[in-house]
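Notes for the structure review
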Amino acid sequence: MPTSAPNVLQSRAWHVSIGRLLLLVGSALAIGIASGHIAIALIVVFAGYSVWSLYSLLRVQRWLLARARLPPPSDMGVWSEDAEFIYRRHQTGRYQQRRLVRLLRAYREAAAVLPDGVVVLSALRQIVWFNESAARLLGLDGQHHRGLIIDRLVTNPQILAWLAQARANDPLIDVPSPSIADIRMSMRLIPYAQDQWLLVVRDVSTLLKLEQVRRDFVANVSHELRTPLTVLYGYLDLIDSENDPELSGMVCEMRKQSTRMAQIVDDLLTLSRLDAQANTDDESIAMDAMLASLRRDAEALSQQQHDIRVDTTSVHGIRGSANDLHSAFANLVANAVRYTPPGGKIVVRWFDEDDGSCFEVEDSGCGIPKEHLPRISERFYRVSTSRSRDKGGTGLGLSIVKHVLGLHQARLEIRSEVGTGSIFSAHFPHARLIDGTEHESA
Ligand code: ADP
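Let us look at the structure shown here. Numbering of residues starts from 1 in each chain and follows the order in which that chain's sequence is written. In keeping with the predicted nature of the model, local features appear solely for residues at pLDDT of at least 70, side-chain atom pairs appear and are counted solely at 80 or more, and the whole-chain, interface and lining totals rest on all residues. Heavy atoms throughout the structure, all of them, feed into the side-chain values; hydrogens and water do not.

Take the packing of helix α11 (residues 322-338) against helix α13 (residues 397-407) next. Angles shown run from 0 to 180 degrees and are taken between the N-to-C directions of axes, each axis being a line fitted to C-alpha atoms and, for helices, limited to the stretch in contact. Note on conventions: DSSP H or I runs of at least 4 residues are helices, E runs of at least 2 residues are strands, and numbering of each starts at the N terminus. Packing of α11 against α13 leaves a shortest axis separation of 9 Å and a crossing angle of 140°. Classified by the interaxial angle, the pair formed by α11 and α13 is oblique. As α11 packs across α13, the resulting crossing turns out to be left-handed. Note on element contacts: α13 touches α11 through G397, L398, I400, V401 and V404, opposite D324, L325, S327, A328, N331, L332 and N335. Classifying every residue of the contact of α11 with α13 by side-chain character gives 7 nonpolar, 4 polar and 1 charged. Roughly parallel means an angle under 35 degrees; roughly antiparallel means over 145; roughly perpendicular covers 65 to 115; every other angle is labelled oblique. Handedness of a crossing is defined here by the sense of rotation of the near helix relative to the far one, left-handed for an anticlockwise turn of less than a right angle and right-handed for a clockwise turn. Contacts are residue-level and defined by heavy atoms, with any inter-residue pair within 4.5 Å sufficient. The classification used treats Ala, Val, Leu, Ile, Met, Phe, Trp, Tyr, Cys and Pro as nonpolar, Asp, Glu, Lys and Arg as charged, and all other residues, Gly among them, as polar.

This part covers the packing of aromatic side chains. Stacked, tilted and edge-to-face are the three classes applied to pairs of Phe, Tyr and Trp rings, where Trp contributes its six-membered ring and a pair requires centres within 6.5 Å; stacked means planes under 30 degrees apart, edge-to-face means over 60, and tilted covers the rest. Tallied over the entire structure, the rule returns 5 aromatic pairs. Each ring, one from F329 and one from F428, has its centre 6.1 Å from the other, and the planes form 80°; the classification is edge-to-face. Of this pair, F329 sits in helix α11 while F428 sits in strand β12 (residues 421-429), placing them 99 residues apart in sequence. Assigned by exposure class, F329 and F428 land together as buried. Three or more aromatic residues link up through ring pairs in this structure, and these residues are F329, W350, F359 and F428. The ring of F130 carries R146 above its face, with NZ or CZ at 5.0 Å from the centroid. Note on classification: 1.4 Å probe, protein chains only; a residue is buried when its accessible area is under 20% of the maximum for its type, exposed when over 50%, partly exposed between these limits. Criterion for a charge above a ring: Lys NZ or Arg CZ within 6 Å of the ring centre, and within 35 degrees of the ring normal.

The immediate surroundings of the ligand are formed by 21 residues, with N335, Y339, S388, T394 and L398 found nearest. A distance of 2.8 Å is found between an oxygen atom of the ligand and a side-chain nitrogen or oxygen belonging to Y339. Between D363 and the ligand, the recorded distance is 2.9 Å, taken from a side-chain N or O atom to a nitrogen atom. Broken down by secondary-structure element, the contributors of at least two residues to the shell around the ligand are α11, α13 and β12. Among the elements that make up the shell around the ligand, the one with the highest residue count is α11 (3 residues). Here the shell around the ligand is built from residues that sort into 10 nonpolar, 8 polar and 3 charged. If a single non-hydrogen atom of a residue is within 4 Å of a molecule or strand, that residue counts as near it. Definition of a polar contact: a pair of N or O atoms within 3.5 Å, with one able to donate and the other able to accept a hydrogen when the atoms are protein atoms, and with sequence-neighbouring residues admitted only if both atoms are side-chain atoms.

Residue D182 is not a glycine yet carries a positive backbone phi of 80°. Counting through the fold element by element, D182 comes out in the loop between β3 (172-176) and β4 (184-192). In this structure D182 comes out as exposed when scored by relative accessible area, which is 70%. The backbone of Q409 shows a phi angle near 55°, a positive value even though the residue is not glycine. Among the residues examined, Q409 registers a relative accessible area of 49% and is labelled partly exposed.

Taken across its 8 residues, strand β10 (residues 356-363) has 7 buried, putting it largely inside the fold. By definition, two strands form a pair when at least two bridges between them are found by DSSP. Connecting strand β9 (residues 345-353) to the antiparallel partner β10 that follows it, the hairpin turn spans 2 residues. Of the strand pairs in this sheet, β10 and β12 are connected by 8 bridges, and their pairing is antiparallel. Note on β12: the bridge partner recorded for S357 is F428.

Another aspect to go through is the nonpolar core. Core analysis: the largest hydrophobic core is formed by 42 residues, its most contacted members being M287, L325, F329, W350, F359 and F428. Counting residues per element, the ones that place at least two in this core are α9 (245-276), α10 (287-302), α11, β9, β10, α13 and β12. Per element, the largest residue contribution to this core is 8 residues, and it comes from α11. Either an automatic procedure or a domain database provided the assignment from which the domain bounds are taken. Both domains that furnish three or more residues to this core are identified here as domain 3 (207-276) and domain 4 (283-441). Non-local contacts of M287, meaning those with residues more than four positions away in its chain, are made with H316, G317, I318, F329, W350 and F359. Within this scheme, the nonpolar core is defined by two criteria: the residues are buried Ala, Val, Leu, Ile, Met, Phe, Trp, Tyr or Cys, and they are joined through side-chain atoms within 4.5 Å. In this structure, L137, L163, V175 and I183 belong to the second largest nonpolar core, which totals 22 residues.

This next bit is on helix α2 (residues 38-65). Multiplying one less than the number of residues by 1.5 Å gives the expected span of a helix. Its 28 residues give α2 an end-to-end C-alpha distance of 41 Å, which sits within 8% of 40 Å, the value for a rise of 1.5 Å per residue. Those residues of α2 not exposed but buried are A41, V45, Y49, S56, R59, V60 and W63. Where the residues of α2 are buried, they touch α1 (12-35) and α3 (79-112).

It is possible for side chains of opposite charge to pair when their charged atoms get near one another. A side-chain nitrogen of Lys or Arg and a carboxyl oxygen of Asp or Glu constitute a salt bridge if their distance falls within 4 Å. Enumeration over the complete set of coordinates arrives at 19 salt bridges. For the salt bridge of R125 with D151, the shortest nitrogen-to-oxygen distance reads 2.9 Å. In this pair, R125 is assigned in the loop between β1 (117-121) and β2 (127-130) and D151 in helix α6 (residues 150-153), connecting sequence segments 26 residues apart. A relative accessible area of 22% places D151 in the partly exposed class. Here D282 makes a salt bridge to R432, at a shortest N to O gap of 4.0 Å. Placement of the pair is D282 in the loop between α9 and β6 (283-285) and R432 in the loop between β12 and β13 (433-434), with a sequence separation of 150 residues. The class of R432 is buried, set by a relative accessible area of 9%. Connected through shared salt-bridge partners, E211, R214, R215, D275 and R379 make up one network.

Structure below.
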């Protein structure tokens, strides 16, 4: 509804007013000539016209002060058209304002009933607005908490530390709700507009419970499978098949498969244990002894088919779980042996870098196609299932490696090129390292 400014030259009000004035002046002149008092007649007419104009202006002002909601009064001389223009502008403004308010209300109503809690925070992190779910999950109430700085309301130190960092794309997963016992929440801060934040809070209790059920199920199944497997394996050992070539082949295959199954069960149990752990042991681990033991494992597996080297330049040891780290490193070394054809080269390194130290296994094996790299450490993910099985793999090795490293705040980096080989690097932060002179065990 655009409104255009009135053009004075085409203005009807101006034409009428000037016509009216000319008529009055003409009448005054006629009366003045007839009565012989032209000047008095003209003065009376001009004075009357001025009073009427002032009165019209007064009406316009009154109408404006009444917020120009009603249509302007009629016949206000030259002011009529201006008043009409102001009125139209005002009406358009009010129409757009009403539309905006309706739209805003619709958005708020939609946000209010979202199952996720949403809190709008100002640049100073004051609570500007929040929906019903946020009120429920965070224990907020409109009367007391609107306008308050969110950090002052939170008592949970984990949430406080997270809010202090205020990093987008770094959600806080699994914190207790301050208002409802048994509810676990995930929180995410999303920046928007200029220095404004959206705090999104989600009830993840059911999700976490399901995750726990899944973990318990895997742990229980693995545990339950262990005993029958041991029994089967024991009986297989008792079968004397040496004189029967057909039976001997079958027993040999059964032994191979039951060993593989036992390995899968062991790996699943290890993963379940690591999953349930929030922290790791605090042993002082000597890397010399660890590397020597890894070399022995690799040589036993390789059976002199590979050129295996160990290259140590760091004097640091690691603070953590010796067993878990040994099993993670041994997995990387075993993979290098398994996926490198005979005659290939394997180098195990332990060296310092800018922000810590690095355990690295490089091989000249088959390599991993790029598209598999992002998912390679997922449980049971294999580039080639048949090749992994042939090599005696369970598909759980790298998953264990990732879990163990995570518990030690270390990061796994994988570089690989098909046909050239792979490099698996475990980067340990300074906080996890110990001096070579400290008491060490392996
Ligand atoms: P697996 O027991 O099958 O070896 P892992 O979790 O240890 O399971 O490894 C997952 C997959 O990653 C393997 O199946 C294999 O395809 C690939 N892989 C792991 N290490 C290497 C390596 N050094 N060279 C080539 N491929 C590798």
